[in-house]
Amino acid sequence: MHMSQRALKINPSPTLALDAKAKALRQEGVDVVNFGVGEPDFDTPEHIKEAAIRALREGRTKYTPVAGIPELRRAIVEKLHRDNALDYAEGQIVVSAGAKHSLYNAFQVLVDPGDEVVIPAPYWVTYPEQVRLAGGIPVFVPTRAEDGFRLDPAAVAERIGPRTRVILLNSPSNPTGAVYPRSDLAAIGELALRHDLYLISDEIYEHLVYDGAEHVSVAALDPQLRERTVVINGMSKAYAMTGWRVGYAAAAAPLAKAMTDLQSQSTSNVTSIAQWAAVAALAGTQEPLRRMQEAFARRRELILAELAELPRVRVSRPGGAFYAFPDLGDYLGRRFEGREVAEVDMLAEVLLTAVGVAAVPGSGFGAPGYLRFSYALGEEAIREGMRRVREVLARME
Ligand SMILES: Cc1ncc(COP(=O)(O)O)c(C=O)c1O
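Treat the numbers as computed from the prediction; the structure is a model and nothing was measured.

Chemist: Please provide a residue-by-residue account of the sheet that holds strand β7 (residues 229-234), values included.
Modeler: Here seven strands make up an open sheet; going across it, the order is β2-β8-β7-β6-β5-β3-β4 and the pairing mixed. Lying at the two open borders of the sheet, with one neighbouring strand each, are β2 (93-96) and β4 (137-142). Taking each pair of neighbouring strands and ignoring which way they run, the sheet shows an average axis angle of 20 degrees. Relative to β4, strand β3 (residues 116-121) runs parallel, the two being bridged by six bridges. Its bridge partner lying in β4, Ile119 is registered against Phe140. Together, β2, β7 and β8 (247-250) form the strand contacts of helix α10 (residues 253-264), whose direction differs from that of β2 by roughly 30 degrees.

Written out as structure tokens, the structure reads:
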């Protein structure tokens, strides 16, 4: 069958694939502890659901402006002002089907074939794929567990060349949990200004920071930087709304217009009633978010303590998001039930099939010795899952 080169080159999302496998096993009756998913286990708060139901009853079921209903764009403008010290006009906001879609739009309007995009590694699996879909070339900047996966501005500078167009920032980071300090962001911002580059700043985990870490939007550091930054955010993580598919980009007006034009020829507007739900999420009470933050902080302590107990497993203390990212490289090359576990993908497979634990292999994130454990699940499940991991590791020889 003939398919485009573009289609043939796409790597499907390994996190979604693992989640599908874990869910299929569960359907077969297997007791699975799923550390694989990147979504809060909480239900969408009631007042948000009510807003969608109300919108439905009021007949708000028609096409909306491509970039989103004015009420939602206004709520986003107010949120960016309130939480991030960022001032935008409504015309600079583009609402899309999740932050993933916002990122796609951003790469499509900023990257030409052959352009390079600097990406900190380990990285969220989607970034390099979306860069390639735009014809661009991902250029990775390694970060190290020993430094808490800090993104060193000097290392970023080394990767900037004549074809560099964009630096991608993701703080707090998936999968490492790294939170970039203001001073590093300022140094990276300076690089962008000096080399005439754009920044795409994915801030979807902004509300999940711990140990006194502060989330800073690079766009807020300097008005010139705001002009060169596409800020990406969304409802999925902060409001437990992964299935609703509402994300957004904030950018200089010409970029926002280009993203809107692109979207007008692909998906058009986000589901009308989901947009009304998003208005309620942003403009309504933030109490459910606070409760979720407290639960994540407790779970984080628990999983880090459990991981610290595992022999020969190294784990750094992530400052944000809801992932622990331990290095299990010492177990690779050992045997489990007579079979060599050469790669972390095989270790993930063993965990899933032998004890029903789903964790995402780091290979897809550019970190081949690591496993990503989402702690967006209950404390009892975390304890039980870690007990099973310990059992498998103890049986490896
Ligand atoms: C770093 C990061 N950015 C963006 C997203 C996309 O979120 P959504 O498309 O659900 O808004 C995710 C989801 O896992 C993520 O981890």
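Chemist: Mind laying out the nonpolar core, listing which residues take part and the relevant values?
Modeler: Counting 126 residues, the largest nonpolar core has Ile93, Ala106, Ile167, Ala249 and Ala277 as the members making the most contacts within it. Considering every element that reaches this core, the biggest residue donor is helix α11 (residues 272-283), with eight residues. The contact partners of Ala249, leaving out residues within four places of it in the chain, are Val94, Ser96, Ser102, Asn105, Ala106, Val230, Val231, Ile232 and Met259.

Chemist: Kindly report on unusual backbone geometry, identifying the contributing residues and their values.
Modeler: Cis geometry is found at the peptide bond from Ser171 to Pro172, where omega equals -10 degrees. Assignment of secondary structure puts Pro172 in the loop between β5 (164-170) and α8 (182-195). Geometrically, the link from Asn174 to Pro175 is a cis peptide bond, its omega value of 15 degrees lying close to zero. Following the sequence through the fold, Pro175 ends up in the loop between β5 and α8. Even without a glycine there, the phi angle at Ala85 is positive, about 55 degrees. Structurally, Ala85 is set in the loop between α4 (70-84) and β2.

Chemist: Would you mind going over the packing of helix α12 (residues 287-308) against helix α14 (residues 379-394) in detail, with residue names and values included?
Modeler: Two packed helices can be described by the angle between their axes and the distance between those axes. Packing of α12 against α14 brings their axes to within 10 Å, and their N-to-C directions diverge by 10 degrees. In terms of orientation, α12 and α14 fall into the roughly parallel class. Mapping the contact onto sequence places Arg298, Arg299, Leu302, Ile303 and Glu306 in α12 and Glu379, Ile382, Arg383 and Met386 in α14. The class makeup of the residues in the contact of α12 with α14 is four nonpolar, no polar and five charged.

Chemist: Let's hear about the packing of helix α13 (residues 344-355) against α14: which residues, and what values?
Modeler: As a packed pair, α13 and α14 sit with axes 10 Å apart at the nearest point and diverge in direction by 110 degrees. As far as their axial angle goes, α14 and α13 are roughly perpendicular. Judged by the sense of rotation from one axis to the other, the crossing of α13 with α14 is right-handed. When α13 is examined against α14, the residues Val350, Leu351, Ala354 and Val355 are found in contact with a partner set consisting of Arg388, Val389, Glu391 and Val392. In the contact of α13 with α14, the residues fall into six nonpolar, no polar and two charged.

Chemist: Run through the pairing of strand β14 (residues 371-374), naming residues and quoting values.
Modeler: Of the two faces of β14, the one carrying Leu371 and Phe373 and the one carrying Arg372 and Ser374 are both buried. Both strand β9 (residues 323-324) and β14 contribute to a ladder of two bridges, which runs antiparallel. When the bridges of β14 are listed, Tyr323 appears paired with Ser374. Sheet topology note: the strand β13 (residues 360-361)/β14 ladder contains two bridges and is antiparallel. When the sheet's bridge partners are listed, Pro361 is paired in β14 with Leu371.

Chemist: Account for the environment of Thr164, with residues named and values stated.
Modeler: Note that Thr164 resides in strand β5. Between the C-alpha atoms of Thr164 and Val117, which are 47 residues apart in sequence, the distance is 5.9 Å. Ignoring any residue separated from it by four or fewer positions in sequence, one finds Thr164 in contact with Glu116, Val118, His195 and Leu197.

Chemist: An account of the sheet that holds β14 is needed here, citing residue identities and associated values.
Modeler: Note: strands within a sheet are paired through backbone hydrogen bonds, in either parallel or antiparallel orientation. Taken in spatial order, the three strands make up an open sheet running β9-β14-β13, and their pairing is antiparallel. With one partner strand each, in any of the chains shown, β9 and β13 form the two edges of the open sheet.

Chemist: Report on the pairing of β8, specifying residues and quantitative values.
Modeler: Here β8 shows no split at all, with Gly247 and Ala249 on one side and Tyr248 and Ala250 on the other all buried. Here four bridges tie β2 to β8, and the two strands are oriented antiparallel to one another. Of the residues in β8, the one forming a bridge with Val95 is Tyr248. The sheet contact formed by β7 and β8 spans four bridges and is antiparallel. Opposite Gly234, over in β8, you have Gly247 as the bridge partner.

Chemist: Please provide a residue-by-residue account of the domain arrangement of the protein chain, values included.
Modeler: When the parts of a complex come together, some accessible area is lost, and that lost area is often used as the size of the interface. Domain annotation of the protein chain identifies domain 1 (5-43 + 288-394) and domain 2 (47-283). On a C-alpha basis, the centres of domain 1 and domain 2 stand 26 Å from each other. Across the boundary between the two partners, domain 1 contributes 34 residues, which contact 33 residues of domain 2. Of all the elements in the fold, those that place two or more residues in the side of domain 1 that touches domain 2 are α1 (5-9), α2 (14-27) and α12. Among the elements that take part in the side of domain 1 that touches domain 2, α12 stands out by supplying six residues, more than any other.

Conventions we followed
Residues numbered from 1 in each chain as written. Predicted model: local features only at pLDDT ≥ 70, side-chain atom pairs only at ≥ 80, totals over all residues. Pairing = 2+ DSSP bridges. Helix = DSSP H or I, 4+ residues; strand = E, 2+ residues; numbered from the N terminus. Axes fitted to C-alpha atoms, helices over the stretch in contact; angles between N-to-C directions. Contact = placed C-beta atoms within 7 Å. Core = buried A, V, L, I, M, F, W, Y, C linked by C-beta atoms within 7 Å. Buried ≥ 20, exposed ≤ 12 C-beta atoms within 10 Å, placed from the backbone. Parallel < 35°, antiparallel > 145°, perpendicular 65-115°, else oblique. Nonpolar A, V, L, I, M, F, W, Y, C, P; charged D, E, K, R; others polar. Left-handed = near helix turned anticlockwise from the far one by under 90°. Domains from an automatic or database assignment.

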